Amino acid sequence: MTPESLLASASINIGLAVVALWLFSVLKKQPRNAVVYYARRLSDRHHHRPLSLHSSLCLPRFLPSVAWIPRAFRVSEDEILSRHGLDALVLIRLFKFGIRFFLLCSLLGTSLLLPVDYYNESDLPTRKEYSMDAFTISNITRGSNKLWVHFSCLWFISFYALFLLHKEYKDILVIRLQQMKELRHRADQFTVLVRQVPLCPEHDTRGCAVDHFFSKHHRFSYHSHQMLYDGRDLEYLLGKQKKLKKEVEDKRHSDILSNGSQEHKHISTSEEKLREITNMIYHLQSETMLSEKELPVAFVTFKSRRNAALAAQTQQHSNPLELITEMAPEPRDVSWRNLAIPQKILPLNKIGVILAAALLTIFFAIPVTAVQGIAKYEKLKKWFPPAMAIEFIPGLSSVVTGYLPSAILKGFMYIIPFAMLGLAYLGGSISKSNEEIKACNMVFYFLMGNVFFLSLISGSLLDEIGEYLTHPRDIPSHLAAAVSAQAEFFMTYILTDGLSGFSLEILQLGLILFDIIRSYTYGRGKERTPYLFSFPYFRVIPTVSLSIMIGMIYAVVAPLMLPFLVGYFCLGYIVYFNQV
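Residues numbered from 1 in each chain as written. Predicted model: local features only at pLDDT ≥ 70, side-chain atom pairs only at ≥ 80, totals over all residues. Heavy atoms only, no water.

**Focus: the overall build of the protein chain**
Next, step 1: Counting its secondary structure elements, the protein chain contains 25 helices and four strands.
Next, step 2: Buried positions account for 41% of the 580 residues belonging to the protein chain.
Next, step 3: Accessible surface, the protein chain: about 32600 Å² in total, of which carbon and sulfur atoms supply 64%. (Helix = DSSP H or I, 4+ residues; strand = E, 2+ residues; numbered from the N terminus. Buried < 20%, exposed > 50% of the residue type's maximum accessible area, 1.4 Å probe, protein only. Areas by Shrake-Rupley, 256 points an atom, 1.4 Å probe, with all protein chains shown as cover.)

If you want it as structure tokens, here you go:
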């Protein structure tokens, strides 16, 4: 990749970021968009500070401002913890870790490693001054004493990263223990989830078996239990009841306006159906019906947190496949549908999830390889001569090789987190937080395999495929030598993911367009409710972790990437502070 391609990518991404941030600063001032940008404050009943929005048509309402940017750096961590929770604080500290780490690395890289890489002592007249390879370690000849500089910097960077990681772990651990101390009376800390409950031989019920077992073996610590029931029929009827209630209210409202006798008949018919559904709900909630829909799952409550933790971490039955215990999640975090899945089917679900994730990874290897073919334009011309037509338009080849590959790759990767979250849901996790944790892991491994390793392999294959066919033994050495050649691609990836990705993230253009379409179609005349969604940690954390990994790997190989990473984490900190 030439410097012109990198400059084209940087220019396009900076332009998109400026436009997106300018639009955000204007759109957030409009009262109509408060349900999008101030959803949390509007839904928070205890928030008494009014929104400072311009309701009249005045000039400041349509002027962009940057007052929201320095506000992100003035908020303390205690305020973030009290308002948004520990998860949001960990995310913000992840960006702070990236800023601290790559700021020092960039100072070291630009002041020491870049001059060492560029001013090579051998063959100065033939140096590739118009290639980005002149700023990487590949410009150093094999066996040069200058490699000791890189080796020393690698040791320093590694120990600095370990120091920061240890400090972050220690600080988060202290905050976590303090939070557990403040929330020590929460019910889920005294509750254990028990699965595969056998039937009681005397009364032929599972609830009786739970009570007998824990009363006998946990006599002094057992408090109570609650059995779970299959509530799919009840859930369906409750949804139907809610729909009918809304229908009756709408008909009564239209009846008041029209004063027609026909509407009275429709109302009486709907009310009759509503009474029937209500009676069916009461019937399903009776003891006889509940006993028929009893699941082999129970929540068992203990008198102390110590006894609950002890029961959750020990085997309760001589048969390890019965009375399986684990700590219960928070009530709002429970995945109720997954608790109804039989224990013997869960291994099959997990195997299916692994196979589906593997197939998804293999499928996405095709676009990743194609993207590398676009990035390696000089080699692509040899394999696909019609691509030479791009050269007839001035500047187009720089845009195609510099910006287009990373933009295409980012577009393909956008749907991956949601696909992995769906697979994690099918895996049978007992809580929504466990589903997001599994999705985070799967997304990170997917990105590490497809975005990083496959980009290295496919780029190197396109470079030296003929050499590999003639000398297959030299494949490892060729791949090791070709790693620095992909530094330019990852620079453009960081620029696209940081500048364009973060700017579009804070703009929320899709939600704005959806709100406009909804207001003028099926939602016309209805009250607009805030768009309050849970934060997509499963999408953000793996992407940021991949950028940290790329930065650590290329800190010594291509130090020119380090200043881009500093900007990446600074913009990410500002954006996601506003998002949480």
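**Examining the confidence of the model for the protein chain**
Next, step 1: Across the protein chain, pLDDT averages 80, with 83% of residues at or above 70.
Next, step 2: When the criterion is pLDDT under 50, residues 122-129 qualifies, and its contacts beyond four places in sequence or with other chains add up to six contacts. (pLDDT = per-residue confidence, 0-100. Contact = heavy atoms within 4.5 Å.)

**Considerations on the packing of helix α6 (residues 86-118) against helix α7 (residues 147-182)**
Next, step 1: In the contact formed by α6 and α7, the axes pass within 11 Å of each other and the chain directions differ by 165°. For the element pair α6 / α7, the angle class is roughly antiparallel. Viewed along their axes, α6 and α7 form a crossing whose handedness is right-handed. (Axes fitted to C-alpha atoms, helices over the stretch in contact; angles between N-to-C directions. Parallel < 35°, antiparallel > 145°, perpendicular 65-115°, else oblique. Left-handed = near helix turned anticlockwise from the far one by under 90°.)

**Things to note about the environment of G449**
Next, step 1: Within the fold, G449 resides in helix α20 (residues 432-470).
Next, step 2: Taking the C-alpha atoms as reference, G449 lies 9.3 Å from A365; in sequence the two are 84 residues apart.

**Brief notes about the pattern of salt bridges**
Next, step 1: Inspection of every chain in the model, using the stated rule, returns 16 salt bridges.
Next, step 2: Across the salt bridge formed by D171 and K167, the nearest N and O atoms sit 3.3 Å from each other. Taken as a pair, D171 and K167 lie in helix α7 at a separation of four residues, close to a single helical turn.
Next, step 3: By relative accessible area, D171 is classed as partly exposed at 25%. (Salt bridge = Lys/Arg side-chain N within 4 Å of Asp/Glu carboxyl O.)

**Some points on the sheet that holds strand β4 (residues 324-327)**
Paired through their backbone hydrogen bonds, the strands of a sheet run either parallel or antiparallel.
Next, step 1: Taken together, four strands build an open sheet; the order of strands is β2-β3-β1-β4 and the sheet is antiparallel. Edge strands, defined here as strands with exactly one partner in the open sheet, are β2 (222-229) and β4. Put simply, the sheet's adjacent strands are angled 25° from each other on average, direction ignored.
Next, step 2: Two strands pair when backbone bridges link them, and β2 and strand β3 (residues 294-302) are joined in this way by six bridges, in the antiparallel orientation. Residue pairing for β3: S224 is matched across the bridge by T301. (Pairing = 2+ DSSP bridges.)

**Observations regarding the packing of aromatic side chains**
Next, step 1: Tallied over the full model, the rule gives 29 aromatic pairs.
Next, step 2: Geometrically, the ring pair formed by F489 and F490 is edge-to-face, given 5.4 Å between the ring centres and 65° between the ring planes. Each of the two residues, F489 as well as F490, counts as buried.
Next, step 3: Ring pairs connect the aromatic residues F95, F97, F101, F102, F156, Y160, F502, F535, Y537, Y568, F569 and Y576, which therefore count as one cluster. (Phe/Tyr/Trp six-rings, centres within 6.5 Å; stacked < 30°, edge-to-face > 60°.)

**Looking at helix α22 (residues 487-507)**
Next, step 1: With 21 residues, α22 should cover 30 Å at 1.5 Å per step; its first-to-last C-alpha distance of 29 Å lies within 8% of that length.
Next, step 2: Considering bend angle alone, the principal kink of α22 is centred on G501 and spans about 30°.
Next, step 3: Of all 21 residues that make up α22, 18 are buried, and the element is covered over most of its length.
Next, step 4: Downstream of α22 by a residue or two, Q508 has a phi angle that is positive, lying close to 55°. (Expected span 1.5 Å × (residues − 1). Bend = angle between axes of the 7 residues up to and from the residue.)

**So, the nonpolar core**
As a rule of thumb, nonpolar side chains are buried together in soluble globular proteins.
Next, step 1: Judged by nonpolar contacts, the single largest core of 92 residues is most densely connected at F101, M413, M420, Y554 and F569.
Next, step 2: Counting residues per element, this core draws most heavily on helix α24 (residues 537-557), at 12 residues.
Next, step 3: Excluding its chain neighbours within four sequence positions, the residues that come into contact with F101 are I157, Y160, A161, L164 and M552.
Next, step 4: The next biggest cluster of nonpolar side chains, apart from the first, holds 18 residues, and it includes V197, C200, A308 and A312. (Core = buried A, V, L, I, M, F, W, Y, C linked by side-chain atoms within 4.5 Å.)

**Quick look at the environment of P559**
Next, step 1: Following the sequence through the fold, P559 ends up in the loop between α24 and α25 (562-579).
Next, step 2: For P559, a relative accessible area of 0% puts it in the buried group.
Next, step 3: Separated by 442 residues in sequence, P559 and D117 have C-alpha atoms that sit 9.2 Å apart.
Next, step 4: Aside from chain neighbours lying at most four places away, what touches P559 is G109, L113, L114, D117, F135 and Y554.

**Things to note about the side chain of Q189**
Next, step 1: With respect to the helices and strands, Q189 occurs in the loop between α7 and β1 (191-195).
Next, step 2: Among the residues examined, Q189 registers a relative accessible area of 11% and is labelled buried.
Next, step 3: Among the polar contacts listed, one links the side chain of Q189 to the side chain of R305, at a separation of 2.9 Å.
Next, step 4: Filtering out sequence-adjacent residues up to four positions away, Q189 remains in contact with M180, L183, R184, R305, A308 and M327. (Polar contact = N/O pair within 3.5 Å; in protein donor to acceptor, adjacent residues only side chain to side chain.)

**Remarks on the pairing of β1**
Next, step 1: Most of β1 sits inside the fold, with five of its five residues counted as buried.
Next, step 2: Across five bridges, β1 lies against β3 in antiparallel orientation. Following the sheet pairing, T191 is matched in β3 by T301.
Next, step 3: Relative to β4, β1 is paired through four bridges, and the arrangement is antiparallel. If you follow L193 over to β4, its bridge partner there is E326.

**Notes on the packing of helix α1 (residues 3-27) against α22**
Next, step 1: At a minimum axis distance of 8 Å, the contact between α1 and α22 shows a crossing angle of 10°. In terms of orientation, α1 and α22 fall into the roughly parallel class. Contacts from L6, S9, A10, N13, I14, L16, A17, A20, L21, L23, F24 and L27 in α1 reach M491, T492, L495, T496, L499, S500, S503, L504, I506 and L507 in α22.
Next, step 2: Per-class residue counts for the contact of α1 with α22 are 16 nonpolar, six polar and no charged. (Nonpolar A, V, L, I, M, F, W, Y, C, P; charged D, E, K, R; others polar.)

**Notes on a nonpolar patch on the surface**
Next, step 1: There is a patch of nonpolar side chains on the surface, built from W148, F151, W155, F159, L162 and L165 and spanning about 710 Å² of accessible area.
Next, step 2: Residue position: F159 is located in helix α7. (Patch = residues over 30% accessible without salt bridge, like charges linked within 9 Å, V, L, I, M, F, W, Y side chains within 5 Å.)

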